[in-house]
Amino acid sequence: MSEKHFSRSAALLSGLLVLLVAIACIAGCTGSSDSGATPTTQAPAPTAGEGNGATSGGSVSAVHYTDLIKFLPSATANWETGDKNGGTMSSSEGAWSWAEVTYTQTTKPDTTVTVVIQDTAGMTEGYWTIWDTAVTVDTPDFSWKSTTIKGYPAWEFADKTSDEYTLYVGINDRIMVFIDVTNGKKDYLTVFGNLIDFNGLAALT
């Protein structure tokens, strides 16, 4: 799977969590001791019970990566489609599959869109590890927000300092569709999201 995109997303989310913990600690040290004070709340991370996250301990087999590759879309004339790759990875809980392709804009080669489709067979692996700790946040540098794509729950990330936008779409607590735009526009998330057959992926589970 694309370790560059996964590591970058994980690092950004880890930094966010550290920031939230620091804010909580500062609030705890400087807050009033008045027992009548109203505690602040944060948006909860999605849970498997709500149909928004992967469950651990998969009891089914992941879809073979060759079948996932078939769902990687063909780009429009303004984009060059790279090699479509895939594979199987294993953890202590079992095996899971992934497929990936990167598209390059023909008029601006430093603008790319990477699409990854993974099936963790219900295990918390790959991008599901980021999904399960995501919270809604907005800062001058970046933001995370929950949304829906064609009826499926999703998280959208925006790096406001580098024109990078990322979308995580969860399908039936198993399949994750990851779309990452580098040096591009947020609209590209919608463009490539519209090219993906989410219902077809759901039918695989």
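On a predicted model such as this, the values are computed, not experimentally measured, just so you know.

Colleague: Explain the overall build of the protein chain here, please?
Modeller: Tallying secondary structure elements over the protein chain gives five helices and nine strands in all. The secondary structure elements of the protein chain, listed N-terminal to C-terminal, are α-α-β-β-β-β-α-β-β-β-β-β-α-α. For the protein chain, the residues scored as buried account for 43% of the 205 residues in total. Put simply, of all contacts in the protein chain between residues at least 6 apart along the chain, 57% involve residues at least 24 apart. Put simply, the protein chain shows about 10,200 Å² of open surface, and 52% of that area lies on carbon and sulfur atoms.

Colleague: How do you make sense of the pattern of salt bridges when you look at a structure like this?
Modeller: A full pass over the atoms with the stated rule returns five salt bridges. K160 serves as the salt-bridge partner of D138, at 2.5 Å between the closest nitrogen and oxygen. In this pair, D138 sits in strand β5 (residues 137-138) while K160 sits in the loop between β7 (152-159) and β8 (164-171), placing the two residues 22 residues apart along the sequence. Residue D138 is classed as exposed on the basis of its relative accessible area of 59%.

Colleague: What is the right way to look at the nonpolar core in this model?
Modeller: Soluble, globular proteins show a tendency: their nonpolar side chains are buried together. Within the largest apolar cluster, 31 residues are counted, with the highest numbers of intra-cluster contacts made by V113, V115, I117, V177, I179 and L201. Within the residue set of this core, elements represented by two or more residues are α2 (65-69), β3 (95-105), β4 (108-119), β7, β8, β9 (175-182), α4 (187-193) and α5 (198-203). Not counting chain neighbours up to four residues away, the residues in contact with V113 comprise W79, V101, T102, Y103, I179, D180, V181, Y188 and F192.

Colleague: Is there a simple way to explain unusual backbone geometry in this structure?
Modeller: The general pattern is negative phi for most residues beyond glycine and trans for most peptide bonds. Backbone geometry at D163 places phi at a positive 55°, although glycine is not the residue there. A residue is classified by how much of its surface remains accessible, and D163, at 42% relative accessible area, is partly exposed. Look at N172: it is not a glycine, yet its phi comes out positive at around 55°. For N172, the position within the fold is in the loop between β8 and β9.

Colleague: So what exactly am I meant to see when it comes to the side chain of Q118 here?
Modeller: Positionally, Q118 belongs in strand β4. A relative accessible area of 0% places Q118 in the buried class.

Colleague: It is not clear to me how the packing of aromatic side chains should be interpreted in this structure. Could you clarify?
Modeller: One pair of aromatic rings is described through two measures. These are the centre distance and the angle between the planes. Counted according to the given criterion, the structure contains 11 aromatic pairs. Centroid distance Y103 to F192: 4.9 Å. Interplanar angle 40°. Geometry classified as tilted. Of the two residues, Y103 is situated in strand β3 and F192 in helix α4; the sequence distance between them amounts to 89 residues. A residue is classified by how much of its surface remains accessible, and F192, at 1% relative accessible area, is buried. Cluster of aromatic residues (ring-pair linked, three or more members): Y127, F142, W144, F157, Y168 and F178.

Here is what the cut-offs are and how they apply
- Residues numbered from 1 in each chain as written.
- Predicted model: local features only at pLDDT ≥ 70, side-chain atom pairs only at ≥ 80, totals over all residues.
- Heavy atoms only, no water.
- Helix = DSSP H or I, 4+ residues; strand = E, 2+ residues; numbered from the N terminus.
- Buried < 20%, exposed > 50% of the residue type's maximum accessible area, 1.4 Å probe, protein only.
- Contact = heavy atoms within 4.5 Å.
- Areas by Shrake-Rupley, 256 points an atom, 1.4 Å probe, with all protein chains shown as cover.
- Salt bridge = Lys/Arg side-chain N within 4 Å of Asp/Glu carboxyl O.
- Core = buried A, V, L, I, M, F, W, Y, C linked by side-chain atoms within 4.5 Å.
- Phe/Tyr/Trp six-rings, centres within 6.5 Å; stacked < 30°, edge-to-face > 60°.

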